[in-house]
Amino acid sequence: MKIDFHTHGKLAKKLPFSKVYTNWLFGEARQAGLDAICLTEHFNTLGFDQVYEYIRENFQRDQDTFLAEGLRIFPGMETDIAEGGHVLTIGTMEDILELNRRLEPHKEKGKFLPFCELIALFREYPVMVGAGHPFREGGHIPELPRELLLQFDFLDLNGKDLAEEKEETQRKVYGLGQELGIPVVSGSDTHQAFQYGCVCTRFSRTISRTEDLKAAVRDGRYEIQISSNLSFQVKTAGTLKRALKEIHSLGGDYVSVLTQ
């Protein structure tokens with residue numbers, strides 16, 4: 001099973017949810033050779049509930065996942081913390097939606113929870129918790145106290161960061177993982193299709209439960225694959241995202257540009 005641990009189902013946080021665009025993304029993920037994705041949508045994105053309501057109503061459930069014409073979707077969320085940085089969460093749809101509702105008072109900048117409070121909330125649920133792109137500029141996750149860092153289940157070797165500084169990103173993320181004894185998995189961080197497959201994490205078997213995914217990661221039963229076209233894919237994806245957002249700002253239909 002080839003899985004991307006860090007993906008999004010919308011082009012941008014402030015844009016309305018589009019069923020057609022999200023379907024297009026799922027189809028492109030399959031075309032890129034992925035078997036599964038963790039849909040770690042921003043916790044304060046416009047229409048967070050709509051994304052998951054659409055998935056629940058339109059795709060078959062298989063234990064903790066949903067099947068979109070063969071693509072396995074693990075529900076998830078990406079949450080900002082007060083210190084600066086992003087925390088990834090993966091779990092059942094019910095747990096992710098409930099956590100998102102409980103975070104409602106903390107969705108604006110200046111109201112984000114500190115990590116110590118956020119992890120205490122997350123640990124009330126059987127979810128996986130990861131450090132998203134821990135060394136990206138503006139984030140301060142590596143500066144957290146060691147006892148808090150040890151609460152992470154995984155670190156995100158992020159495709160976007162690899163495209164900018166591959167060797168340095170690997171050195172820092174793997175170094176932190178080894179220092180803390182925390183496994184490293186990979187996520188593309190894509191908001192659109194061309195970035196799918198730039199990195200993925202490959203397991204020898206199909207997994208459909210969060211607890212089994214967590215166990216397989218903890219035991220190191222996987223390998224990370226990095227595309228030889230990584231930099232080109234990420235650069236192209238960034239250009240596409242800017243162009244589509246500009247189409248939307250000018251009153252155009254960016255979805256129809258892609259799908260027709």
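Refer to the structure above for everything that follows.
As a starting point, this report considers the structure included with it. Note that the coordinates shown come from a computational prediction; the quantities given were computed from them, not determined experimentally.

## Describing the overall build of the protein
Each helix and strand in the protein was counted, giving 10 helices and 11 strands. Its C-alpha atoms give the protein a radius of gyration of 17 Å, within 12% of the compact-globule value 18 Å for 260 residues. For the C-alpha atoms alone, the extent of the protein along its principal axes is close to 50 × 40 × 35 Å. Buried residues in the protein amount to 54% of all 260 residues. Of the contacts made within the protein by residues no fewer than 6 positions apart, 73% connect residues no fewer than 24 positions apart.

## Some words on the pattern of salt bridges
Any two side chains of opposite charge can pair, so long as their charged atoms come close to each other. Taken as a whole, this structure holds 17 salt bridges when the rule is applied. With its nearest N and O atoms 3.7 Å apart, the salt bridge here joins Asp 219 to Arg 218. Judged by its relative accessible area of 44%, Asp 219 falls in the partly exposed class. Among the charged side chains, a network of salt bridges with common partners joins Arg 123, Asp 153 and Lys 214.

## Looking at the nonpolar core
With 66 residues, the main nonpolar core has Phe 26, Ile 55, Phe 122 and Phe 152 as its most contacted residues. Beyond its immediate stretch of four places on either side in the chain, Phe 26 contacts Ile 37, Leu 39, Ile 55, Phe 59, Ala 68, Leu 71 and Ile 73. Counting 16 residues, the second-largest nonpolar core is a separate cluster that includes Leu 88, Met 128, Leu 213 and Val 217.

## Topic: the packing of aromatic side chains
Counted by the stated rule, this structure contains 11 aromatic pairs. An angle of 50 degrees between the planes, with centres 6.4 Å apart, marks the rings of Phe 5 and Phe 203 as tilted. In this pair, Phe 5 is assigned in strand E1 (residues 2-7) and Phe 203 in the loop between strand E10 (199-202) and helix H8 (210-218), connecting sequence segments 198 residues apart. The class for Phe 5 is buried, based on a relative accessible area of 1%. Using a relative accessible area of 2% as the deciding quantity, one classes Phe 203 as buried. Ring centres of Phe 115 and Phe 152 lie 4.8 Å apart, and the angle between their planes is 20 degrees; on these two criteria the pair is classed as stacked. In this pair, Phe 115 is assigned in helix H4 (residues 115-122) and Phe 152 in the loop between helix H5 (146-149) and strand E8 (154-158), connecting sequence segments 37 residues apart. Taking the relative accessible area as the measure of exposure, Phe 115 reaches 0% and is therefore buried. You can call Phe 152 buried: its relative accessible area is 4%. An aromatic cluster of at least three residues, connected via ring pairs, comprises Phe 5, Phe 154, Phe 203 and Tyr 222.

Conventions used here
- Residues numbered from 1 in each chain as written.
- Predicted model: local features only at pLDDT ≥ 70, side-chain atom pairs only at ≥ 80, totals over all residues.
- Heavy atoms only, no water.
- Helix = DSSP H or I, 4+ residues; strand = E, 2+ residues; numbered from the N terminus.
- Rg over C-alpha atoms; globule rule 2.2 N^0.38 Å.
- Buried < 20%, exposed > 50% of the residue type's maximum accessible area, 1.4 Å probe, protein only.
- Contact = heavy atoms within 4.5 Å.
- Salt bridge = Lys/Arg side-chain N within 4 Å of Asp/Glu carboxyl O.
- Core = buried A, V, L, I, M, F, W, Y, C linked by side-chain atoms within 4.5 Å.
- Phe/Tyr/Trp six-rings, centres within 6.5 Å; stacked < 30°, edge-to-face > 60°.

Note that every value here comes from positions in space, so none of it alone points to a role or purpose.
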